[in-house]
Amino acid sequence: MIEVEHLTKRYPGRTAVDDVSFSVGAGEVVGFLGPNGAGKSTTMKILTSYLPATSGRVTVAGHDVFADSIKARRAIGYMPENVPLYDDFRVKEYLTFRAKLKGLGGRDCRRRVGEVMDLCGLADVRKKMIGTLSKGYRQRVGLADALVHRPQLLILDEPTNGLDPNQIRQVRELIRRLGENHTILLSTHILTEVEATCGRVIIIDHGRIKASDTPEALQQRLRSAGAIEFEAQAGAEEVAAAVRALPQVRRVLCDDLEDGWRRFTVRVDPGADPRAEIAALIGTLGWPLREFVRRQASLEDVFVELTQNQ
């Protein structure tokens, strides 16, 4: 569905996207992740023909987005993070207007507008002015707009931005259902959302692809494959120096708690489990201890590991 080959976008003094290549197959739901300024929004704007590229090739549904952008755009439903809406339109009027712009007409237009309003939970506000809607409902209108012309590909940039927890769950379930009939490229900062909805993750940083795999495989490949956490009443430097001296330990992090207690996070080699050694060390040195657990790596750990400044 999406083929990106050696995509580069340069601005004066900086390179936003640097020789990026990836593909998204038909029917996939893919999370597109990266810190602020990583190049993901620029990449998505190039995919939707909003921006030209400096070099490289991009095809959507078999159409070159540079040479045949009209046909490529007909296959795309795009929902930007800050959805541009006409505040002086009613919801149904706006979606009808957008459907006609996208080539729908007559009975098909009316039927499809009704379908997307039901799908996105807008039926109760269909007669309200868009300018009076909450941020959550405005996001829903933007999603309905992206869906109205039955696109093969959905590109969603922070689709749950501004929603309350119940609405986030509803949108998450909607994305799962949409994935049965659409290819979806989803950009979000909510990593639990990606774990719940996406079959594959692409992580970009400083304009380059850092990883592309399933969330589970990325967690297994993570350099710091897990962590041991314990809370002890001891000096931060004393604990860090003693624990770092143990084999298979890569890094020790510390957070101050109350009454002299501190939480220590010990990053270890992949597959390593030096809990016995750390427990013996704590007993030998006599540090008061109140918690000791092993935590498996999460997608958040993967994200931090791949995108933090080295």
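Each residue is numbered by its place in its chain's sequence as written, counting from 1. Local features in a predicted model are, by the rule used here, given only for residues with pLDDT of at least 70; side-chain atom pairs are given and counted only at 80 or more, and totals for whole chains, interfaces and linings are based on all residues. As a convention, hydrogens and water are excluded, and side-chain values are obtained from all of the structure's heavy atoms.

**Some remarks on the domain arrangement of the chain**
- Throughout the structure description, domain borders are defined by an automatic or database domain assignment. For the chain, the assigned domains are domain 1 (2-213) and domain 2 (221-308).
- On a C-alpha basis, the centres of domain 1 and domain 2 stand 40 Å from each other.
- With twelve residues of domain 1 at the interface, the matching set in domain 2 holds seven residues.
- It is Leu-191, Glu-195 and Ile-203 that lose the most area in domain 1 upon contact with domain 2, and together they represent 45% of the buried surface on that side. For this analysis, residues touch if any pair of their heavy atoms sits within 4.5 Å. Buried area: the accessible area, evaluated with a 1.4 Å probe, that two parts lose upon being put together, summed over both parts.

**Notes on the sheet that holds strand β10 (residues 208-213)**
- In this scheme, strands are said to pair when DSSP sees at least two bridges between them. Counting from the N terminus, the helices are the DSSP runs of H or I reaching at least four residues and the strands are the DSSP runs of E reaching at least two. What the six strands build is an open sheet, ordered β6-β7-β8-β3-β9-β10; its pairing is mixed. Looking along the sheet, the strands with just one partner apiece sit at the ends: β6 (76-79) and β10. Taken over all neighbouring pairs, the strand axes of this sheet differ in orientation by 15° on average, direction set aside.
- Bridge analysis of strand β7 (residues 153-157) against strand β8 (residues 183-187) gives five bridges, and the strand direction is parallel. Across the sheet, residue Leu-154 finds its bridge partner in β8, namely Ile-184. The axes are straight lines fitted to the C-alpha atoms, using for helices just the contacting stretch, and the angles between their N-to-C directions are given from 0 to 180°.

**Observations regarding helix α1 (residues 40-47)**
- Most of α1 is tucked away: six of the eight residues are buried.
- Immediately beyond the C-terminal end of α1, within one or two residues, lies Ser-49, with a positive phi of roughly 70°. Between buried and exposed lies partly exposed: a residue is buried under 20% and exposed over 50% of the maximum accessible area for its type, with that area taken using a 1.4 Å probe on protein chains only.

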